[in-house]
Amino acid sequence: MQADILEYSGEVRHRFETAPRHGRILAAHAERMAGGAGDAQRGVRVEFEARVRDGRIVECRFRAYGCPHVIAAASWVAEHAEGREAGDAEWLDPLRIAALLEAPAHKLGNLLVVEDAFRACIAQRQGAVR
Amino acid sequence: MQADILEYSGEVRHRFETAPRHGRILAAHAERMAGGAGDAQRGVRVEFEARVRDGRIVECRFRAYGCPHVIAAASWVAEHAEGREAGDAEWLDPLRIAALLEAPAHKLGNLLVVEDAFRACIAQRQGAVR
Amino acid sequence: MTEISTPIYFDYAATTPVDERVVRCMVECLGRGGCFANPASSSHAPGRAARGRVEAARREVAALVGAGPTEIIWTSGATESNNLAIKGAAHFHADRGRHIVTSRTEHKAVLDTCRQLEKEGWQVSYVTPGAGGITTVAEIEPALRKDTVLVSVMYVNNEIGTINDVAPIGRLCRERGVLFHVDAAQAAGKIPVDVDALCADLLSVSAHKVYGPKGAGALYLRGSPRSRLEPLIHGGGHEWGMRSGTLATHQIAGMGEAFRIAVLEQDAEAERLRALRERLWSGLVGLGGVHLNGDAERRVAGMLNVSFEGVEGESLLFALRDLALSSGSACTSASREASYVLRALGREDQLAQSSLRFSLGRFSTVEEVDYAVRLVREQVDRLRALGPGGGASQQEAM
Amino acid sequence: MTEISTPIYFDYAATTPVDERVVRCMVECLGRGGCFANPASSSHAPGRAARGRVEAARREVAALVGAGPTEIIWTSGATESNNLAIKGAAHFHADRGRHIVTSRTEHKAVLDTCRQLEKEGWQVSYVTPGAGGITTVAEIEPALRKDTVLVSVMYVNNEIGTINDVAPIGRLCRERGVLFHVDAAQAAGKIPVDVDALCADLLSVSAHKVYGPKGAGALYLRGSPRSRLEPLIHGGGHEWGMRSGTLATHQIAGMGEAFRIAVLEQDAEAERLRALRERLWSGLVGLGGVHLNGDAERRVAGMLNVSFEGVEGESLLFALRDLALSSGSACTSASREASYVLRALGREDQLAQSSLRFSLGRFSTVEEVDYAVRLVREQVDRLRALGPGGGASQQEAM
Ligand SMILES: Cc1ncc(COP(=O)(O)O)c(C=O)c1O
Ligand SMILES: Cc1ncc(COP(=O)(O)O)c(C=O)c1O
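Residues numbered from 1 in each chain as written. Chains lettered and ligands numbered in written order. Predicted model: local features only at pLDDT ≥ 70, side-chain atom pairs only at ≥ 80, totals over all residues. Heavy atoms only, no water.

Draft legend 1. Region of interest: the side chain of T102 of chain D. All names here are of chain D. Within the secondary structure, T102 sits in strand 3 (residues 99–103). For T102, a relative accessible area of 0% translates into the label buried. Of note is the side chain of T102, whose polar atom sits 2.7 Å from the backbone oxygen of S152. (Helix = DSSP H or I, 4+ residues; strand = E, 2+ residues; numbered from the N terminus. Buried < 20%, exposed > 50% of the residue type's maximum accessible area, 1.4 Å probe, protein only. Polar contact = N/O pair within 3.5 Å; in protein donor to acceptor, adjacent residues only side chain to side chain.)

Draft legend 2. Broad picture of the sheet that holds strand 2 (residues 72–75) of chain D. Residue and element names in this part refer to chain D. Spatially, 2-8-7-6-5-3-4 is the arrangement adopted by the seven strands of the open sheet, whose pairing is mixed. Single-partner strands in this sheet number two, and they are strand 2 and strand 4 (123–127). With strand direction ignored, the average angle separating the axes of adjacent strands in the sheet is 20 degrees. Bridging between strand 2 and strand 8 (residues 217–221) involves four bridges; their strand directions are antiparallel. The residue bridging I73 from the neighbouring strand is L219, located in strand 8. (Pairing = 2+ DSSP bridges. Axes fitted to C-alpha atoms, helices over the stretch in contact; angles between N-to-C directions.)

Draft legend 3. Focus on the interface of chain C and chain D. Contact with chain C, which involves 66 residues of that partner, is made by 66 residues of chain D. The junction of chain C with chain D conceals about 4900 Å² of combined surface from both sides, 61% of it contributed by carbon and sulfur atoms. Together, F36, K214 and H234 of chain C form the three largest contributors to the area buried by chain C at its contact with chain D, with a combined 13%. Here chain C is connected to chain D by zero salt bridges. Here chain C is connected to chain D by 30 residue pairs in polar contact (both at pLDDT 80 or more). Of all the secondary-structure elements, those providing two or more residues to the side of chain C that touches chain D are helix 1 (20–27), helix 3 (78–92), helix 4 (108–119) and helix 7 (249–285) of chain C. Considering each element in turn, the side of chain C that touches chain D owes the most residues, five residues, to helix 4 of chain C. Partitioned by chemical class, the residues of the side of chain C that touches chain D number 27 nonpolar, 30 polar and nine charged. (Contact = heavy atoms within 4.5 Å. Buried area = accessible area lost by both parts, 1.4 Å probe. Salt bridge = Lys/Arg side-chain N within 4 Å of Asp/Glu carboxyl O. Nonpolar A, V, L, I, M, F, W, Y, C, P; charged D, E, K, R; others polar.)

Draft legend 4. Quick peek at the sheet that holds strand 3 (residues 56–65) of chain B. Residue and element names in this part refer to chain B. Spatial ordering of the open sheet is given by 1-2-3, a layout of three strands whose pairing is antiparallel. Looking at the sheet topology across the chains shown, the edges are occupied by strand 1 (32–39) and strand 3. Within the sheet, the average angular offset between the axes of one strand and its neighbour, ignoring direction, is 15 degrees. Of the strand pairs in this sheet, strand 1 and strand 2 (residues 44–53) are connected by eight bridges, and their pairing is antiparallel. Looking at strand 2, one finds that G36 is bridged to E47. Contacting strand 2 and strand 3, helix 2 (residues 68–81) runs over the sheet at an angle of about 170 degrees to strand 3.

Draft legend 5. Region of the structure containing the relation of the copies chain C and chain D. Once chain C is rotated about the relating axis by 180 degrees and shifted along it by 0.0 Å, it coincides with chain D to within an RMSD of 0.0 Å. The two molecules are tied by a two-fold rotation axis, judged by turn and shift. (Least-squares fit on C-alpha atoms with pLDDT ≥ 70 in both.)

The following block contains the structure:
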């Protein structure tokens, strides 16, 4: 392990401890999106659920198996997804999240899994609607 | 150098410090024996002088360039030569002297130079008399 | 009740604090008023006094492993001892054959040394340990060849604390005329070590695993100084020419004192630690989904390596940052790699990745263990709840 | 007037007592309350604190030699540093050539290492230093060949204290594309050492010559960790893979503190020691038949190596046992051999054999020097009188 491995930014520490937007969503099927990516055997598994109304995400929740950066990133994404158009993932830039969390370079792979999970979540709904 | 190099027996310390029988002998040519062995360039040079009367050594003195064992051995030999027959060197046993001084094995070579010097001393007189 | 100050140290297998008695002994060899001279300075009394300390320590270390003093060669630690033993014997006996047998769960100081010898043309067989991670004659014997010159098996594994069946391996090696090296870095001071009972020709120990200083170690070499090794470090001819360099009096004296204390106290200490470890284990096992790594019986008293289902290792470590413990071996954690020891034991990736090594020691207390149990239970529960298998969210539960 | 307690220490070149400030710094890294964790234990805060100490010390050592921190590799002392530099560079660059140039007056840690490489098939040219025992470009240049890969020349000689002309040798090596190693064990803390000014690619230092602990050293490697060496000690990948083994925090922190102090104090200290040495020399020279070994000007402040006509070395040492000093180098006195350095300088046997090395240091005083002068005069007179050239006997003189 690297010497820096347990040196986390305030943002990561806060989200790891309190896990804002963690949980599940109870919603009618028509309003619900859900999706996930990764595999715990490989160290990361992230899942998102969202409630959509009028094409917008009104509520978003995550569940995550992974390092503190993964948990923090999933929490951040769930929080910032709320209010956005349901089909939009363009705002989600793993590099920007990495910078925001002060994550070391070798964590980028893990953050891509978070992005994949969110895209899977909104893709599922897109699939369901079409 | 060996760890034991400066660990000398009481006998060696005493003779090294006080050098009994060190010096020269002022005697008529007929009564005087003198001889030496060794070479300071090789680390040891010992010389003996003795005054002989009625075929016996009545006084013996040494001078020595060498390690403390050499100085002690030369002192011991000069002391023990007194009273003996002038031609006799059989009593002089370097192994016994080594044991007496508690000298380490690698010092035996040096003690042989002390013996050689004494033999040279008495040989010179034998030569002069014959 | 003892005051608990965090982080609580549970990493005695990585290194130990130096015992106060050892610190005192070391300090005596440092400053102006002390025994600071060079032990090689035989030309003066302070140098000879330093040499005296070095030789007294040599006798203590020899005593702990049942050796003669001249069979102990000072090194900078067990890493160097392992290198000197394996490369030194291999190079010295190269004409007798170029095959070495070792196990896949050795310390990197053995494995990387063997890899280096492979680059130099040696062949190395790496056997997989048997059940519970224990290496026995059953694994080693089939790997022996006519040209095998050396077998190297650790006494106690540094990640899981299991005790290998080294004595029978030693007897086998002796029968076959093969040199036997034992890395006893994690055994010395914890269980009895006897070079004759083990039939060991070479045995490595380190001071800092036994409440002595880091950077001090020794290699036992049977029959030394008549028997020889090719040195790693040349210059000056110290240690019968097998390890040159100014001897660090304070380090060596400290190691001697540490080993002296170990001889006296190790039995009582082991008993106390075994009770603490059992308390820890029964506290953790109640969580469910907790797996003990390595044989449950054949292990040193103070070490417990456990894997947790459904929690990720790094997050677990961070959540438990009030406990100073390691995942995988600290000695190898300068490099980033999942535990090769747990993989060799066949642990699936998730469990290998979520393992924690608790290692208890001389200063561990019941209160510390109880604190750890509470914290681990709380945090494992929390992290499991955060995961995909988790139930209701924290927020919704409120 | 200071109280004098005997034996008076005049062997600072063999080793130094550890400065009190350094002892304090070391003790902070030893016991339970201290920074004792394994610096490789990155998984917990105590481990990271230990790593912090190690890195702070690396900066101090780097600063003393004008290097970048990543160019400093921790070792167990200058003996290991010299081995790692020379074998490590030779093995790593074996494809570029197998010829090494060094001098006949190097420390055994260099000479014995070169001999080992000769056994492995390298060729080594051992040049004889020029006037006053100083090695310059004039000796080195003619020895260079197309297949020369490494030149190794010490900065300051450990027996006679002379300062070699290393910077021009470094420039020559750079022009010719040859690696340049400098053994600076006796230079660091005594004179300014700057790897750039010396054009050194590799440079060895040791803590215990600079009021730091024995068993701690460093190797400077230009461009590390991009530039590489073949390690001597494998296992775990510490120090960018170039030197494995648990880092000894207290040793390293002590070395850092010792080097920090040296940077601040070495100029003033050198001035003070120069005055003491001159006082010593003028006291001794009055005896007659006293010869200074090595150049009178190009030398470090505290070292004086003198030969006495007409007195045998061992008897002289014993007569002067109130002074802790060495004949020949303490570092090589684990083996029994006359000083090869003085022989290389062409001293006749008697004088080579009767040499004493006085080395002064941080705690030497005027009173100690005056005591030494009195004692040496008295005892040299006495021993000369005992010898074949001596005059009247003591007894008869009474
Ligand atoms: C089994 C084993 N061997 C060797 C070593 C290396 O010893 P050292 O830290 O003294 O270099 C260690 C621990 O570091 C170990 O646990
Ligand atoms: C010039 C020189 N090089 C190398 C060394 C060896 O250093 P260490 O004692 O740290 O092994 C010494 C002294 O011991 C020395 O004087």
